[in-house]
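# Architecture at a glance
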Amino acid sequence: MPYNNFLSKKFNISLPTWSVILPLLAGLLLICQAALPSSNIIDLILGVVLITAVLSAVHHAEVIAHKVGEPFGTLILALAITIIEVSLIVSLMLSDTNEGPSALARDTVFAAVMIILTGIIGLCLLIGGFRFKEQIFVKQGVNASLITLIAISVLTMVLPNFTTSGVGNQYSNSQLIFVAIVTLVLYGGFIAVQTFRHRDYFLPEKTDHGNHQNMQMIYEDESDHHIDHATPPNLKTVIISSIMLFVALVAVVLLSKKLSPAIEDIVVSLGAPKSLVGIIIAAVILLPEGLAAIKAVRQDRLQTSLNLALGSALASIGLTIPAVAIVCFMTDMQINLGIDGKSTILLLISLFIISISFNTNKTNIQQGIVLLVIFATYLFTTIVP
């Protein structure tokens, strides 16, 4: 999309001015935040800047995705956010002074998976079903994502509860190393299938808008479909967007880390369990992917939304568990990976319903409603265990 602003006229960079200024403002605020007094007003300002950084990240990710095409565009966003998420988890683990096994990686990964499977996908199916009645996708690509996600989720978060070499819901050192290796194998195999071997499985399915009863609604927002026909951005624009995406994502993670004590204080004051803090932080970190997925589904590009959501869930587990395993091996730190019985039921029913929902290549609004109800149940039972 051409922009008639200073960046476009002076430097031939086709980006809105706000998308460059806001990440730089977030970065500047992060540099200066150590000198700022601790107060509710400062925390509020940091929260506002955090939201602007999320919006900037979404925009720059879409610019890059438009340049490189599917499925590489969605893969870039998923990997970028997950790598920074892993860095945040590892840094928090290393700075944790509490005795006993750490549950941070488990809680964060489980929260991310549940938010993606039931929250983001549920909302996408609800919006898509309401707006277009039915949406189609490539079944082979979604099935490849789902079988990998089911295997990787059960191996990392359910199986530890049934092994006998470790204590409680922990893997022994050798088991943890083995699971880290097979997790990388599963994720690496999926990436190879998505990007090279069967790339066509993850490309958007052609739709016939004439079959939709909501035809006029599809075109009511002309900007929604502009991205499908716009000229790809030039190299200079993509380079700047890549830099700004990195700055925005780093700002999202570091601001989340900065705000986590304030969020924890609020959660504790409300009498809610501390695990709610992990859900809040995971939700903030996943906001760029969530907003990008929702925007894609509003453009009747369900395949792109599913690439983002399922790819993010796989990346969240596939990169976090091996990274945590390396940290544990080098520092002799103990971690709990097995989720409790309630969480196991919620995870398995989410995977089961997702699998049934994508059994054909069409989705409808009821599938979104069911997933969102499970998401609400997950949030409620976390607050009221």
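My aim in this report is to walk through the structure given alongside it, one point at a time. Residue numbers restart at each chain and count upward from 1, following the sequence in its written direction. Totals for whole chains, interfaces and linings use every residue, but because this is a predicted model, local features are given only for residues with pLDDT of at least 70 and side-chain atom pairs only at 80 or more, for both listing and counting. Hydrogens and water are ignored here; the side-chain numbers use all heavy atoms of the structure.

### Observations concerning the pattern of salt bridges
In plain terms, the rule: One side-chain nitrogen of Lys or Arg within 4 Å of one carboxyl oxygen of Asp or Glu is enough to make a salt bridge. Type-normalised accessible area, obtained with a 1.4 Å probe on protein chains alone, sets the label of each residue: buried when under 20%, exposed when over 50%, and partly exposed for intermediate values.
The tally for this structure, following the rule as stated, stands at 2 salt bridges. Residue arginine 106 pairs with aspartate 107 through a salt bridge whose shortest N-O separation is 3.2 Å. Among the residues examined, arginine 106 registers a relative accessible area of 15% and is labelled buried. For aspartate 107, a relative accessible area of 30% translates into the label partly exposed. Lysine 362 is the partner of glutamate 134 in a salt bridge, and the nearest nitrogen-oxygen pair spans 3.8 Å.

### Here's the deal with the nonpolar core
Our working definition: Joining through side-chain atoms within 4.5 Å is the link that ties buried Ala, Val, Leu, Ile, Met, Phe, Trp, Tyr and Cys residues into a set, and such a set is a nonpolar core. Secondary structure is summarised from DSSP: a helix means a run of H or I of at least four residues, a strand means a run of E of at least two, and numbering begins at the N terminus for each. When checking whether two residues touch, look at their non-hydrogen atoms; a contact exists if any pair is within 4.5 Å.
Core analysis: the biggest nonpolar cluster contains 85 residues, and Ile121, Leu149 and Phe358 have the highest contact counts within it. At 14 residues, the largest contribution of residues to this core is made by helix α5 (residues 104–132). Setting aside chain neighbours within four positions, we find phenylalanine 358 in contact with Ile121, Leu125, Phe137, Lys139, Val142, Asn143, Leu146, Leu306 and Thr363. With 14 residues, the next largest nonpolar core counts Leu46, Ala53, Val252 and Val284 among its residues.

### Description of the environment of threonine 108
Among the secondary structure elements, threonine 108 is positioned in helix α5. You can call threonine 108 buried: its relative accessible area is 10%. Measuring from C-alpha to C-alpha, the distance between threonine 108 and isoleucine 279 comes to 7.0 Å, with 171 residues separating the pair along the chain. Not counting residues within four places of it along the chain, the set of residues in contact with threonine 108 comprises Glu85, Ile89 and Ala282.

### Details of the packing of helix α3 (residues 40–68) against helix α10 (residues 235–269)
As a reminder, the rule being used: Every angle, taken between N-to-C directions, lies between 0 and 180 degrees, and every axis is a line fitted to C-alpha atoms, over only the stretch in contact when it is a helix. Oblique is the label for any angle not under 35 degrees, not over 145, and not in the 65 to 115 range, which are roughly parallel, roughly antiparallel and roughly perpendicular in turn. Crossings are assigned a handedness: left-handed for a near helix turned anticlockwise from the far helix by less than a right angle, right-handed for a clockwise turn. When residues are grouped by polarity, Ala, Val, Leu, Ile, Met, Phe, Trp, Tyr, Cys and Pro land in nonpolar, Asp, Glu, Lys and Arg in charged, and all others, Gly among them, in polar.
In contact at an axis separation of 8 Å, α3 and α10 are set at 150° when each is read in the N-to-C sense. Classified by the interaxial angle, the pair formed by α3 and α10 is roughly antiparallel. Here α3 and α10 pass one another in a crossing that is left-handed. Among the residues making up the contact of α3 with α10, the classes are represented as 19 nonpolar, 7 polar and 3 charged.

### A closer look at unusual backbone geometry
Outside of glycine, negative phi angles account for most residues, and trans bonds account for most peptide bonds. The residue aspartate 300 is not glycine, and still its phi comes out positive at about 65°. Along the chain, the position of aspartate 300 falls in the loop between α11 (275–298) and α12 (302–331). By relative accessible area, which is 7% here, aspartate 300 ends up buried. Although it is not a glycine, aspartate 332 adopts a positive phi angle of roughly 60°. Positionally, aspartate 332 belongs in the loop between α12 and α13 (341–357). On the basis of relative accessibility, which here comes to 66%, the residue aspartate 332 falls in the exposed class.

Spatial relationships are all this shows, so hold off on functional conclusions.
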